[in-house]
Structure formats: C-alpha cells, structure tokens
Amino acid sequence: MEKTRPIVAVVDDDARLLESLEELLESAGYEACCFRSAEHLLARGLSNLDLLITDIGMSGTNGFELRDTVNKARPELPVFLVTGRHEIADQGRAKGIDGFFRKPFDAPALLIAIGEALQKSRHGG
C-alpha cells in the first residue's frame, strides 16, 4: 500500500505540547506519532518516519542524544529540536540541525520548515 501522508514523530514529555503538536500536524495533512520519551520512539522503530521533532530537555535520553542516535540509524531523517530553555538554544550543540524552535513556537513557521525539510529529504538533499 502506498503511503500517502508523511509521518512526523514528536517526542516530548509534556502531554499538552504533544496534543497541540499532534493537532497542528494532523490539520496540516501529516500523520503524527507522539511519544512521551525517546525510549518509546526507539522501541517503536524509525523505519517509516519522514521527520522527527523532539524536545531537548527530557529525562532519560535527551533531545541531543536522540538526534545523535537517529543520525546514526537514519542519517537522512530530518530532526527538529524544540526547547523551552533559552540558554540551550544559544549553545553550539544546536548547530547542524534541520530545525530549531523555542517554545512557544510559531506554528506557521514550524509547518513551513517541516514542508521544506520533507521536500529536501525526498529529493536527496
């Protein structure tokens, strides 16, 4: 069966944020898969994901560690990082990331960035 909607995984330990992002993504025509931790996402597997949005500050595996794990397994998968902690946003560790957003983020800007990243990854960069 041909997959019609791009699948966007969201990892955040904030249930309200997961819910609002899921609604935003679904309304924009994406299929949202939400996870409360990096471990839950990794247990499910990365094989059919088209893009990942992850919070940085989570207990267990944080967003940077998750990005590194995903980059090893699926280097072509776009990863967006989200944080409510502005000091993290200014660190050099945020470099080399497809998208970087501070909470609360601008929904239209996030959707534009997702669209652009998916176009790029579909056409081989």
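Residues numbered from 1 in each chain as written. Predicted model: local features only at pLDDT ≥ 70, side-chain atom pairs only at ≥ 80, totals over all residues. Heavy atoms only, no water.

### Considerations on helix α1 (residues 15–27)
To keep things clear, this is the line we draw: Only DSSP runs of H or I with at least four residues qualify as helices, and only runs of E with at least two residues qualify as strands; both kinds are numbered from the N terminus onward. How far a helix is expected to stretch is found by multiplying one less than its residue total by 1.5 Å. Partly exposed describes any residue whose relative accessible area lies between the buried limit of under 20% and the exposed limit of over 50%, with all areas from a 1.4 Å probe on protein chains only and scaled to the type maximum. Comment: arc refers to directions from the helix axis out to C-beta atoms. When checking whether two residues touch, look at their non-hydrogen atoms; a contact exists if any pair is within 4.5 Å. In protein, a polar contact means a hydrogen-donor-capable atom and an acceptor-capable atom, both N or O and within 3.5 Å, with residues adjacent in sequence counting only if both atoms are side-chain atoms; elsewhere, any N or O pair within 3.5 Å suffices.
Helix length check: α1 (13 residues) gives 18 Å between terminal C-alpha atoms against 18 Å at 1.5 Å per residue, within 8%. For α1, the full list of buried residues reads Leu17, Leu18, Leu21, Leu24 and Leu25. Each buried residue of α1 sits inside an arc of 135° when the element is viewed along its axis, so together they form one side. More than 90 degrees from the buried face of α1, the exposed residues found are Arg16, Glu19, Glu23 and Ser27. Summarising the contacts, the buried residues of α1 are in contact with β1 (7–11), β2 (31–35), β3 (51–55) and α5 (107–122). Two or three places before Arg16, at the start of α1, stands the capping residue Asp14, its side-chain oxygen 2.9 Å from that residue's backbone nitrogen. Two residues or fewer past α1, Gly29 is found with a positive phi of approximately 95°.

### Describing the nonpolar core
The condition is simple: The definition of a nonpolar core used throughout is a set of buried Ala, Val, Leu, Ile, Met, Phe, Trp, Tyr and Cys residues joined through side-chain atoms within 4.5 Å.
Of all hydrophobic cores here, the largest spans 20 residues; its most connected members are Leu21, Leu51, Ile53, Phe80, Leu110 and Ile114. Among residues more than four places away in sequence, those in contact with Ile114 are Val8, Leu25, Tyr30, Leu51, Ile53 and Phe80. The next biggest cluster of nonpolar side chains, apart from the first, holds 18 residues, and it includes Val11, Phe35, Leu41 and Val70.

### Looking at helix α3 (residues 63–73)
The set of residues buried in α3 consists of Gly63, Phe64, Leu66, Arg67 and Val70. What you see down the axis of α3 is that its buried residues fit within an arc of 160°, all on one side. Away from its buried face by more than 90 degrees, α3 exposes Lys72 and Ala73. Two to three positions downstream of the cap, the backbone nitrogen of Phe64 sits 2.9 Å from a side-chain oxygen, assigning the N-cap of α3 to Asn62.

### Remarks on the environment of Gly29
Looking at the secondary structure, you find Gly29 in the loop between α1 and β2. Leaving out residues up to four positions away in the same chain, Gly29 has contacts with Arg5 and Pro6.

### A word on the pattern of salt bridges
What counts, and what does not: Criterion for a salt bridge: a side-chain nitrogen of Lys or Arg within 4 Å of a carboxyl oxygen of Asp or Glu.
All chains considered together, the criterion is met by four salt bridges. Here Arg16 makes a salt bridge to Asp14, at a shortest N to O gap of 3.9 Å. A relative accessible area of 67% places Arg16 in the exposed class.

### As for the environment of Leu42
Among the structural elements, Leu42 can be located in helix α2 (residues 38–44). Here Leu42 falls in the partly exposed class, since its relative accessible area comes to 33%. As a C-alpha pair, Leu42 and Leu66 span 24 residues in sequence and 8.8 Å in three-dimensional space. Residues within four places of Leu42 in sequence aside, it is in contact with Leu66 and Thr69.

### A closer look at the pairing of strand β4 (residues 79–83)
Heads up, the condition is: Any two strands with at least two DSSP-identified bridges between them are counted as paired.
Counting buried positions along β4 yields five of five residues, so the element is predominantly enclosed. What you see with β4 is no split at all: Val79, Leu81 and Thr83 on one side and Phe80 and Val82 on the other are buried throughout. Sheet topology note: the β3/β4 ladder contains four bridges and is parallel. Bridged to Asp55 within β4 is Val82.

Everything listed here is a matter of coordinates, which is why it stays silent on function.
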